[in-house]
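# Architecture and fold: a report
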Amino acid sequence: MPREDHIEVEGTITEVYPNGQFLVDIGEGRKVKAYVSGKMRKFFIRIVLGDKVTVALSPYDLTKGRIVYRAR
């Protein structure tokens, strides 16, 4: 997936799954299964339940995404 070809939305972590996956509520009753991006994993940025995050969604499948930013 090219970097320019994604949709960024903000949401809240609602569930934590094993293997670094999360369920993110992006509003309006929509939930997205997302994983942590490589840079966040490289620099050990921890994500816990209730964090506000930015998720990059693929325009082809809006149910899966990549967490690219965690708000403070």
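For the structure, see preceding data.
All of these numbers come straight from a predicted model, not from anything done at the bench.

## Regarding the side chain of Ser37
Counting through the fold element by element, Ser37 comes out in the loop between strand E3 (30-36) and helix H1 (38-42). Of the residues examined, Ser37 reaches a relative accessible area of 10% and is grouped as buried. Leaving out residues up to four positions away in the same chain, Ser37 has contacts with Arg66, Ile67 and Val68.

## Remarks on the sheet that holds strand E4 (residues 52-57)
Around the barrel, 5 strands lie side by side as E1-E2-E3-E5-E4; this closed barrel has mixed pairing. Across the sheet, the mean angle separating the axes of adjacent strands is 55 degrees when strand polarity is ignored. Summarising the sheet, strand E2 (residues 21-27) and E3 pair through 6 bridges and their orientation is antiparallel. Along E3, the bridge assignment pairs Gly27 with Arg30.

## Description of the layout of surface pockets
Taken as a whole, the largest pocket holds about 180 Å³ of empty space. Lining the largest pocket, in full, are Val16, Tyr17, Gly20, Phe22, Val36, Met40, Arg41, Phe44, Ile45, Arg46 and Ile47. By residue class, the composition of the lining of the largest pocket is 8 nonpolar, 1 polar and 2 charged.

## Considerations on unusual backbone geometry
Unusually for a residue other than glycine, Asn19 sits at a positive phi of about 65 degrees. By the element assignment, Asn19 lies in the loop between strand E1 (7-17) and E2. Residue classification places Asn19 among the exposed residues on the basis of a relative accessible area of 71%. One non-glycine residue, Glu28, lies in the positive phi region at around 55 degrees. Assignment of secondary structure puts Glu28 in the loop between E2 and E3. The class of Glu28 is exposed, set by a relative accessible area of 80%.

## Some remarks on the pairing of E2
Here E1 runs beside E2; their pairing, made up of 5 bridges, is antiparallel. Counted as the bridge partner of Val16 is Phe22 from E2. Adjacent in sequence and paired antiparallel, E1 and E2 are bridged by 3 residues, among which Asn19 carries a positive phi angle near 65 degrees. Linking E2 to E3, which pair antiparallel, is a turn of 2 residues; within it Glu28 sits at a positive phi near 55 degrees.

What counts as what
- What you see as residue numbers is a count from 1 along each chain, following the sequence as written.
- Owing to the predicted nature of the model, reporting of local features is limited to residues with pLDDT of at least 70; listing and counting of side-chain atom pairs is limited to 80 or more, with chain, interface and lining totals taken over all residues.
- Side-chain figures throughout are based on the complete set of non-hydrogen atoms in the structure, without hydrogens or water.
- Each helix is a run of DSSP H or I of at least 4 residues and each strand a run of E of at least 2, with the numbering of both proceeding from the N terminus.
- Relative accessibility decides the category of a residue: with a 1.4 Å probe and only protein chains considered, values under 20% of the type maximum give buried, values over 50% give exposed, and everything between is partly exposed.
- The criterion used for residue contact is that any of the two residues' heavy atoms lie within 4.5 Å.
- In this analysis, strands are considered paired if DSSP registers two or more bridges between them.
- In this description, a line fitted to the C-alpha atoms serves as the axis of each element, helices being fitted only across the stretch in contact, and the angle between N-to-C directions of two axes falls anywhere from 0 to 180 degrees.
- Put plainly, a pocket is an open set of points on a 1 Å grid over the protein atoms alone with protein on both sides within 12 Å along at least five of seven lines, a cavity is a set where a 1.4 Å probe fits but cannot get out, and a lining residue has an atom within 4 Å of a point.
- Grid points are joined across faces, edges and corners, and a volume is the space filled by probe spheres set on the points.
- Residue classes follow a fixed rule: Ala, Val, Leu, Ile, Met, Phe, Trp, Tyr, Cys and Pro count as nonpolar, while Asp, Glu, Lys and Arg count as charged, and any other residue, Gly among them, counts as polar.

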